Amino acid sequence: MILETVSGRKEVPDACRELGINETAFRALRDRVLQSAVEDLEPKMPGRPKKTVSGEQEEIERLKAEVWDLKSHLEAANIREELRLILPGVLISPGESTLEKKRRRRREKREKQRLKMMKQRPDTSGSQGGTPA
Amino acid sequence: MTQCWRHTEAQAEKQGRGYRAQKPVRELERRMRKRVLAFKKLQKMSGRKKKTTARMLSMSLSTLSSWERGWKDDCLGIKPLGRPPERPVQDQRNGIIDMIRMLWPEVSANMLMAMFPGVAKREIVLLR
């Protein structure tokens, strides 16, 4: 109806009668429509407008990230513990150099051999203790 | 995994020598490597670098990379470690068993090793 009055196909009083409003209200309405149409054609920033994140949402996201981080560290600690048991050679202490690692491995090997010897000793002495018949 | 490791170790002790004995341990080691790689992948998805993950696990970056390569090559296929064991011939084995039967219980592994110098100690221990 507004566009018809703008193009001149319909008179304003006729349109007012059809809509059941007075002429002032009709003109105000028409101005509003035309104004918004012109505003819509104004150049704007491309893309979707930035989503506004509330403070609460931000806090939730931060806590989620923290939980994930803690879970990862817990899992890493579990894996480290298992590695210490199953593949002890791959673990390095923070800041340990290659030379230190080699020394540690040598020390561990010596310790292992010593324990093995100690384990075998009572068995050997026990069976050799008696005189054969 | 810890309990599984203890069980596997005990099982391997019973199995004897050679690849058969070390297979359960090698399999468990492979499972452990796979677990580490899965963890690394998960961390990568959340944006952590390989170096950071390696530091988190207290292992070197090169070890983690070599496991990754191993996974790409043959899915971390199990390879036996060490040289193949030298098995005594049947007569020698029978000789040891006879000797153990004859001298039991006063026969030690060292004594048998002196009697059968060519036989591996582990073989004698297992036969005992």
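Residues numbered from 1 in each chain as written. Chains lettered and ligands numbered in written order. Predicted model: local features only at pLDDT ≥ 70, side-chain atom pairs only at ≥ 80, totals over all residues.

Moving on to the overall build of chain A. Per the secondary structure count, chain A includes five helices and zero strands. Ordered by position from N to C terminus, the α and β elements of chain A give α-α-α-α-α. (Helix = DSSP H or I, 4+ residues; strand = E, 2+ residues; numbered from the N terminus.)

What follows is about unusual backbone geometry. Residues and elements named next belong to chain B. In this model, Ser58 sits at a positive phi of 55°, which is unusual for a non-glycine residue. Relative to the helices and strands, Ser58 resides in the loop between α3 (50–56) and α4 (61–74). A count of 18 C-beta atoms within 10 Å places Ser58 in the partly exposed class. Phi at Leu76 takes a positive value of approximately 55°, unusual for a residue other than glycine. Looking at the secondary structure, you find Leu76 in the loop between α4 and α5 (90–103). (Buried ≥ 20, exposed ≤ 12 C-beta atoms within 10 Å, placed from the backbone.)

Here we take up the interface of chain B and chain A. Accessible area lost during the coming together of the parts is what is often quoted as the interface size. With 23 residues of chain B in contact, the opposing surface of chain A contributes 20 residues. Of all the secondary-structure elements, those providing two or more residues to the side of chain B that touches chain A are α1 (2–15), α2 (18–45) and α6 (109–115) of chain B. Grouping the amino acids of the side of chain B that touches chain A by side-chain chemistry returns twelve nonpolar, eight polar and three charged. (Contact = placed C-beta atoms within 7 Å. Nonpolar A, V, L, I, M, F, W, Y, C, P; charged D, E, K, R; others polar.)

This part covers the packing of α2 of chain B against α4 of chain B. Residues and elements named next belong to chain B. Running from amino to carboxyl end, α2 crosses α4 at an angle of 105°, the nearest separation of the two axes being 10 Å. The pairing of α2 with α4 is recorded here as roughly perpendicular in orientation. Across from Arg33, Val36, Leu37 and Lys40 in α2, the residues of α4 making contact are Leu64, Trp67, Glu68 and Trp71. Residue composition of the contact of α2 with α4, grouped by class: five nonpolar, no polar and three charged. (Axes fitted to C-alpha atoms, helices over the stretch in contact; angles between N-to-C directions. Parallel < 35°, antiparallel > 145°, perpendicular 65-115°, else oblique.)

Residues and elements named next belong to chain A. Taking 1.5 Å as the rise per residue, helix α4 (residues 55–86) with 32 residues should run 46 Å; its terminal C-alpha atoms sit 46 Å apart, in good agreement. Of all 32 residues making up α4, only three are buried, and the element is barely covered by its neighbours. Inspection of α4 places Ile79, Leu83 and Ile86 among the buried residues, and these make up the whole buried set. (Expected span 1.5 Å × (residues − 1).)

Let us look at helix α3 (residues 23–40) of chain A. In this model, α3 of chain A (18 residues) spans 26 Å end to end at C-alpha, consistent with the 26 Å of a helix rising 1.5 Å per residue. The buried fraction of α3 of chain A is low, at zero of 18 residues.

Attention now moves to the confidence of the model for chain B. Residue and element names in this part refer to chain B. Chain-level pLDDT for chain B is 86 on average; 92% of the residues reach the 70-or-more range. Ranking the helices and strands of chain B by mean pLDDT puts α4 first, with 95, and α1 last, with 67. For this predicted complex, the interface score ipTM comes out at 0.76, alongside a pTM of 0.58. (pLDDT = per-residue confidence, 0-100.)

This brings us to the nonpolar core. It is characteristic of soluble globular proteins that their nonpolar side chains tend to be buried jointly. Judged by nonpolar contacts, Ile79, Leu83 and Ile86 of chain A together with Leu28, Met32, Val36, Ala54, Leu57, Met59, Leu64 and Trp67 of chain B together constitute the single largest core of eleven residues. Counting only elements with at least two residues in this core, the list comes to α4 of chain A together with α2 and α4 of chain B. With residues near it in sequence (within four places) discarded, Ile79 of chain A still touches Arg35, Val36, Phe39 and Leu57 of chain B. Counting five residues, the second largest nonpolar core, distinct from the first, contains Ile96, Leu112, Val119 and Ile124 of chain B. (Core = buried A, V, L, I, M, F, W, Y, C linked by C-beta atoms within 7 Å.)

Moving on to the packing of α4 of chain A against α2 of chain B. It is the contact of α4 of chain A with α2 of chain B, at a shortest axis distance of 11 Å, that shows an interaxial angle of 160°. Relative to α2 of chain B, the element α4 of chain A lies roughly antiparallel. Helix-helix and strand crossings are classified by hand; for α4 of chain A and α2 of chain B the assignment is left-handed. Each of Ser72, Glu75, Ile79, Glu82, Leu83 and Ile86 of chain A in α4 of chain A lies in contact with α2 of chain B, whose residues at this interface are Leu28, Glu29, Met32, Arg35, Val36, Phe39 and Gln43 of chain B. Here the residues of the contact of α4 of chain A with α2 of chain B are counted per class, giving seven nonpolar, two polar and four charged. (Left-handed = near helix turned anticlockwise from the far one by under 90°.)

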